[in-house]
Every structure is written in structure tokens, then in C-alpha cells.
Amino acid sequence: MTRDLWTIGHGTSTQADFLATLHAADIDLIADVRAHPGSRRNPQFSRDTMPTWLVDAGIAYRHLEALGGRRPRNPDVDPTTNGAWQNQSFHNYADYALTDDFTTGLAELRNLSDDHRVAVMCSESVPWRCHRLLISNAIVARGDRVWHLIGDADPKPHALGQWGATPVLHNDDTITYPAS
């Protein structure tokens, strides 16, 4: 079965604009993949506040800590394995994506999409500047589809490797980004 998942970044959206984008895509569950689910500049998106107004709008909320960003360097992964990433944050997350914790978190996310229209949410407005890019690559590599919700534009389909380092798919469903 092929699943469809969406991604969205709250950026500086108003609560009303954010909900309008979610409702236009019929999203009924937000999977929050922020490492620290809060925002001083946009307090409406804090973990303490957001679930309440989402539920009032008919949208469930789940924080998926296992998919959170801002990962430290993984000393168990050879630095060349994901060496094509120039951005250290993406490199670290690509290393993290090789762990059992990531695989478990990704399975939970994909299972949620069996019963819900799920949008993977982080704070960065555009997916090519966020770890949602690597999560999207992992989802697409497993045969599912990802659609990026960016403002009021039509959902943009995700293509593996369209942004950033070139991925290499492995038989065990892992992805690496080796330097060429």
C-alpha cells in the first residue's frame, strides 16, 4: 500500500493561515518533528498551546521526538558516509537516520498515515532548509509519496534527491549521501 504524507513548516504564519493550509489539504493530524516544540516569536506554535487550537479545528497533534532535528554528530558513523552534506546539521541528521531510533520513529509516522492525513511539521517554512527533507527522502525511498505544503500554493510533490546531497538507496531501506 502506498501512503501519502504531507509536510509543513509553520514559519511566521498566523494561526488562521496555518489552519487554512491544513484544511485545504484535509490534514487531520500534525506530527510535530521539532526537537524543541516551542517558539518565542510565534507562541501559538508552542507544544503547550498548539494542540488545543488544533483539536478545536478538528486536527489531532502528536510530537514524534524520535524524528526531531538538531542531532549531534554520531561518532559511530564514518564521516564520509554522509559526507556530501555541506551543512553539518543535515550531515548529523543523515547519520541519525541510520539508527534504530530513527527507523522506529519513521515506522510510527508511516503507521499514523494508515488512519490519518498526516502533515509532518517543523518550524522552517521551506522543506529544503529543514530536516523534513531527509525525513521525506526516507519516506519516498520506502515507496510512499510526500507532498510539501508551502503557503497557499498547490502541494508540491517530493522527488528523492531534488534538493541537497544526492542520495544512495540501499537494500535495507537506508539512505546515505556519500561525497563523490
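Right above here is the structure, for reference.
Residues numbered from 1 in each chain as written. Predicted model: local features only at pLDDT ≥ 70, side-chain atom pairs only at ≥ 80, totals over all residues. Heavy atoms only, no water.

(A) Here's a closer look at helix α3 (residues 88-96). Of all the 9 residues making up α3, 7 are buried; the element is thus mostly covered by neighbouring parts of the structure. Of all the positions in α3, only Phe90, His91, Asn92, Tyr93, Ala94, Asp95 and Tyr96 are classed as buried. Packing partners of the buried residues in α3 comprise α4 (100-115) and α5 (132-141). Sitting at the amino-terminal end of α3 is asparagine 87, which places a side-chain oxygen 2.8 Å from the backbone nitrogen of serine 89. (Buried < 20%, exposed > 50% of the residue type's maximum accessible area, 1.4 Å probe, protein only. Helix = DSSP H or I, 4+ residues; strand = E, 2+ residues; numbered from the N terminus. Contact = heavy atoms within 4.5 Å. Polar contact = N/O pair within 3.5 Å; in protein donor to acceptor, adjacent residues only side chain to side chain.)

(B) Geometry of the pairing of strand β4 (residues 118-122). Across the 5 residues of β4, 5 count as buried, placing the element largely inside the fold. Going residue by residue along β4, you find Val118, Val120 and Cys122 tucked away on one face and Ala119 and Met121 tucked away on the opposite face as well. Across 4 bridges, strand β1 (residues 4-9) lies against β4 in parallel orientation. Paired with isoleucine 8 across the two strands is methionine 121, which belongs to β4. Examined bridge by bridge, strand β2 (residues 29-32) and β4 share 4 bridges and lie parallel to one another. The residue bridging leucine 29 from the neighbouring strand is valine 118, located in β4. (Pairing = 2+ DSSP bridges.)

(C) Summary view of the layout of surface pockets. Of the pockets and cavities examined, the largest pocket occupies roughly 710 Å³. The wall of the largest pocket is formed by 24 residues, among which Arg34, Arg70, Cys122, Ser123 and Glu124 lie closest to the centre. A per-element tally of the lining of the largest pocket places α3 first, with 3 residues. Considered as a void within the structure, the second largest pocket measures approximately 310 Å³ in volume. Of all the secondary-structure elements, those providing two or more residues to the lining of the second largest pocket are β1 and α1 (15-24). Counting residues per element, the lining of the second largest pocket draws most heavily on α1, which supplies 5 residues. Considering only residue class, the lining of the second largest pocket consists of 9 nonpolar, 7 polar and 2 charged. (1 Å grid on protein atoms, 1.4 Å probe; cavity = no way out; pocket = protein on both sides within 12 Å on 5 of 7 lines; lining within 4 Å. Points joined across faces, edges and corners; volume = space filled by probe spheres on them. Nonpolar A, V, L, I, M, F, W, Y, C, P; charged D, E, K, R; others polar.)

Treat this as a map of the structure, not an account of what it does.
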